[in-house]
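Structural characterization, general
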Amino acid sequence: MTLPQRREIETDRRLLLLVGLVVVTAATLIGTSLPPALVSARSATVNDVAVLVTLTLTIALGTLVKARVRIRSTTQSISWNETAIIVGAAIAPTSVVVLSTAVGIALASLRLSPMKLAFGIGKNVIVAWGAGTALAMTTWTWPPSGLSELLMPLTLAYVVAALLDDLLAIPVIALASQTSIGRQFRANLDLRLAGFAVRFVVAAFTLVILQAEPRLLLAVPPLVLSLHLAYSARIRGRTEQQAWQRLARTTDALNVVDLDNVLTTAVTQAAELFSADEVEIELRDGGRTVRGATVGITFDGPTDTATEVDGTVVPTPLEGHDRSVDIGVLRLRFRGPVRLSEREQYTLRTFASALCTAVRNAQAYAELARVADEHAYAAAHDALTGLANRRQLLDQGTEQLSARHADGVTALVLIDLNHFKEVNDTLGHAAGDQVLVQVADRLRGAAQSSDLVARLGGDEFAVLLRGLPAPAVAAHRADTLLAALHEPFELDGMRISVEASGGISVAPASGGMPELLRRADVAMYQAKRAGQRISTYAPTRDTADLNRLTLGGDLPRAVADHEFIVNFQPIVDLGTGEVTSAEALARWHHPTHGLIDPLRFLEAVERSGMLPAFAEAILDQALIAAADWRDAGFDVPVAVNVSPRSLLDARFPGSVLARLRAHDLPPERLVLELTETLTLSQLDVVDRVLSRLRDEGVRLALDDFGTGYSSLSLLSRIPVHELKIDRSFVTTMESSAEAAAVIRSTLDLGRSLNLAVVAEGVESEPQRRALWELGCSAGQGHLFARPMPAGTLLATMLRGSGGQPGTLAPPLHDTGAVIRLNQTRRQAGRSRPDRHLPA
């Protein structure tokens, strides 16, 4: 037996106990009223008998004239019998009123179930006894000598009757509806008080007429009927108003993206909204059925499982407003006979339509999440071997290096298969793939649970060793890994021997995961050149490191002599071809080595302590260019890449804002491009720096999004305005479904978070058009322009494309042309009102 079923049985038991207590009390009162009533009957006149019969019929009539409110399969009634009871208590003995009430309620309620009949008689008998007793405790006599002698005792009697009526009825209704007594008491309290007041006035008015001129009693029934109709209309209006309010709250509650939450909310809210004993939702997709009530879900499983609730079933199809989509059916179940009103039927259809939309949205979101998970897995794993790929290796290695002081020594083993090309050339690529899969399996088996085994591409593998007790252990672990490849491989009945070379590098003090990978690569080629199986990285044999040391010594002179220059690559509106901003790209014009790429000198700049001076020099050139473009009529923002180490400097925001003021440029004309690297993992440190820059109006962009250097968790912390899709995805989007999926996901994410999205590496018109149709508004790449000096870019913008200054490419469509957009593009247009890159 389920928990909700046990609760239902307990509720029925408590309800039966409460009704039984009321009935026993009423039976006792009837028993004590019989002797005095029989004594009075012996001396009764014809007039007394007429009064008794009239009183009994009036109570019966007052019971029949009622306003009905349905609670689950039970209909609760608000009647006028208490008015008749009060009038009877005023003109007849209490014992007579008690018996008349019992008979009158019984006559009017013969069609009800035995429990309802017994409770109705019992409750009203107690009310009659309470009203009569209250009057007996005063100086009441009939007829009263004056108006005050009528009103004061009558008020006391009516208050007692009203309180007894609520105290007896509300707990029963609360149990039947499974709500709290306090909530039930507060429900429609104003209407109940108004009803009590009206019925008291009618009772008092009736007694006044009865005392003055009994023939005027003919005017009472029309008055009562009018008041009853008005009160019933007020109750219906209030009920409908509350129903619409609950419907609005319920449909709002359905606006969640988890299907289980949607179904749970729908079941519990519908049970309350329609006062149903059970709500069932059957979904055609997957054959799933969910049942429950206000207390929660009682069943979630296959559709062919029967329900335990017998009675009335009200089915409604789950379909959209246009009825073009039917995803299942919603069923309301009641234990007894129920017929929904016209308003309830309309509310049910509206709720079913909202539920249909919510279920479809949740199913679509679940499918998107599933596809995103698949893409995330594919983006982090090698498709052939199932090992981690280069991106995952860099991500996890970067995370490990940020915590290496606590977890011991981190090392990397790079493994390359020797002469593997001969296997492909001799046996074919399919055989070569089988060998790679077996190599992956052996490496995975030889590695420890804390190690990360990755395939970097081709015949190159890497194993990240984490938590080593000492650097020397790395060589022993590497020997174990290579020994696993010593035995021949079985391939279609042949035994093939494959040799491998390995390079070992221990985590450097700086440079992060890329440097660790570079050093392992250097060590591996040292092993190949020396004819060894394994070699450990030796700085003295790393010529690249010697060159970097030389560059590091030249940095002070380079900053002083302005050897750092800035080129600019424009960012273009993909639809119109207009320049919307430009990215500043630093270069070192070295007097000896010529033009040096940032990848070769940035690490040296960060280690040398020259980073603030270097950053200020680059920023100055970028802002000067932006000011010159503005003066020439092109108010184009400029984007500058920021070293993560700069974000650890509390003085950095002040320096940026000072340079903006010096060049008279508003902060929104500057975009700072960020990447997730080792120092960005210390997000708590950079929060204040980024928040101040953003608060001042400087725009922030997340560069290389989707390459592993950026993540969704990073987006939740860094308040960026813009995402930049890495060029690797744009380059392969036409041939790789995974790359296209990453681009679509990034654009969807940008729309959801109201972020601008820029595609890097746009090389061809087909790429431009495909990106624009997917909803990407801006891009940069060689299709529009290569990086160039600021003056050259200004001249290019002045010249324009096709005689249109400020454009670098013709628009995709002529002005005024009617174009047909696919669904993705239409959604993008609706989600972002301005397709231009925000300034």
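A brief structural summary.

Rules used throughout
- Residues numbered from 1 in each chain as written.
- Predicted model: local features only at pLDDT ≥ 70, side-chain atom pairs only at ≥ 80, totals over all residues.
- Heavy atoms only, no water.
- Helix = DSSP H or I, 4+ residues; strand = E, 2+ residues; numbered from the N terminus.
- Contact = heavy atoms within 4.5 Å.
- Core = buried A, V, L, I, M, F, W, Y, C linked by side-chain atoms within 4.5 Å.
- Buried < 20%, exposed > 50% of the residue type's maximum accessible area, 1.4 Å probe, protein only.
- Arc of directions from axis to C-beta.
- Pairing = 2+ DSSP bridges.
- Axes fitted to C-alpha atoms, helices over the stretch in contact; angles between N-to-C directions.
- Parallel < 35°, antiparallel > 145°, perpendicular 65-115°, else oblique.
- Left-handed = near helix turned anticlockwise from the far one by under 90°.
- Phe/Tyr/Trp six-rings, centres within 6.5 Å; stacked < 30°, edge-to-face > 60°.
- Lys NZ or Arg CZ within 6 Å of the ring centre and 35° of its normal.
- Salt bridge = Lys/Arg side-chain N within 4 Å of Asp/Glu carboxyl O.

Quick word on the side chain of His381
Note that His381 resides in the loop between helix H11 (342–380) and helix H12 (390–402). If near-sequence neighbours (up to four positions away) are discounted, His381 is found in contact with Gly386, Leu387, Ala388, Asn389 and Gln392.

Overview of the nonpolar core
Ranked by internal contacts, the top residues of the largest apolar core, which has 79 residues, are Phe568, Trp629 and Leu670. For this core, the element with the highest residue contribution is helix H20 (residues 611–631), accounting for nine residues. Beyond its immediate chain neighbours, meaning those up to four positions away, Trp629 contacts Phe568, Ala582, Phe634, Val636, Ala790, Leu793, Leu794 and Met797. Within the second largest apolar cluster, 32 residues are counted, among which are Leu283, Leu330, Leu355 and Ala362.

A word on helix H16 (residues 473–483)
What sets the pattern is the α-helix's 3.6 residues per turn: residues three or four places apart point alike. The set of residues buried in H16 consists of Ala474, Arg477, Ala478, Leu481 and Leu482. For H16, the buried positions fall inside an angular range of 135° around the axis, keeping them on one side. Tucked into the core, H16 has its buried residues touching strand S8 (409–417), helix H15 (429–446), strand S10 (460–468), strand S13 (500–506) and strand S14 (534–536).

Notes on the sheet that holds strand S6 (residues 312–319)
Read across the sheet, five strands follow the order S5-S4-S3-S7-S6 without closing on themselves; strand pairing throughout is antiparallel. The sheet is open, and its two borders are formed by strand S5 (296–302) and S6, each paired with just one other strand. The average undirected angle you get between the axes of adjacent strands in this sheet is 15°. Summarising the sheet, strand S3 (residues 278–283) and strand S4 (residues 288–293) pair through five bridges and their orientation is antiparallel. Each bridged residue has a counterpart across the sheet, and for Leu283 the counterpart in S4 is Arg288. Packing against the sheet, helix H10 (residues 259–273) makes contact with S3, S4 and S5, and its axis sits at approximately 40° to S4. Helix-sheet contacts for H11 involve S3, S6 and strand S7 (326–334), and the interaxial angle to S6 is about 50°.

As for the packing of H20 against helix H21 (residues 652–662)
Viewed as axis vectors pointing N to C, H20 and H21 meet at an angle of 30°, and their least axial separation amounts to 10 Å. Classified by the angle between their axes, H20 and H21 sit roughly parallel to one another. Crossing handedness for the pair H20 and H21: right-handed. For the pair H20 and H21, contact is made by Glu616, Leu619, Asp620 and Leu623 and by Val656, Arg659 and Leu660, respectively.

Some details on the pairing of S10
For S10, the tally of buried residues reaches seven of nine residues, placing the bulk of the element in the interior. Relative to S10, strand S9 (residues 452–457) is paired through five bridges, and the arrangement is antiparallel. Within the sheet, the bridge partner assigned to Arg455 lies in S10 and is Phe461. Hairpin connection between S9 and S10: a loop of two residues separates the two successive antiparallel strands, and Gly458 in this loop has a positive phi of roughly 60°.

Remarks on the side chain of Thr289
Its location among the elements puts Thr289 in strand S4. In this view, Thr289 contacts Glu280, Ile281, Glu282, Phe299, Asp300, Gly301, Pro302 and Thr303; residues no more than four positions away in its chain are not counted.

Some thoughts on the packing of aromatic side chains
Within this structure, the stated rule accounts for seven aromatic pairs. Here a set of aromatic residues connected by ring pairs shows up, and it is made of Phe564, Trp588, Phe601 and Phe614. Sitting over the ring of Phe489, Arg442 keeps its end group 3.9 Å from the ring centre.

Points about unusual backbone geometry
Where the residue is not glycine, phi is negative for most of them; where a peptide bond is considered, it is trans in most cases. Although it is not a glycine, Ser275 sits at a positive phi angle of roughly 50°. The topology assignment puts Ser275 in the loop between H10 and S3. The exposure class assigned to Ser275 is buried, which follows from its relative accessible area of 14%. For Asn754, which is not glycine, the phi torsion reads 60° and is therefore positive. Within the secondary structure, Asn754 is located in the loop between helix H25 (737–753) and strand S22 (756–760). Judged by relative accessible area, Asn754 falls into the exposed class, the value being 60%.

Concerning the pattern of salt bridges
Tallied over the full model, the rule gives 30 salt bridges. Arg291 is paired through a salt bridge with Glu280; the nearest N and O atoms lie 2.3 Å apart. Residue Arg291 is located in strand S4, and its partner Glu280 is located in strand S3; the two are separated by eleven residues in the primary sequence. Relative accessible area serves as the criterion here: at 4%, Arg291 is assigned to the buried category. You can call Glu280 buried: its relative accessible area is 3%. Here the residues in one salt-bridge network are Glu278, Glu280, Glu282, Arg291, Arg331 and Arg333, joined through shared partners.

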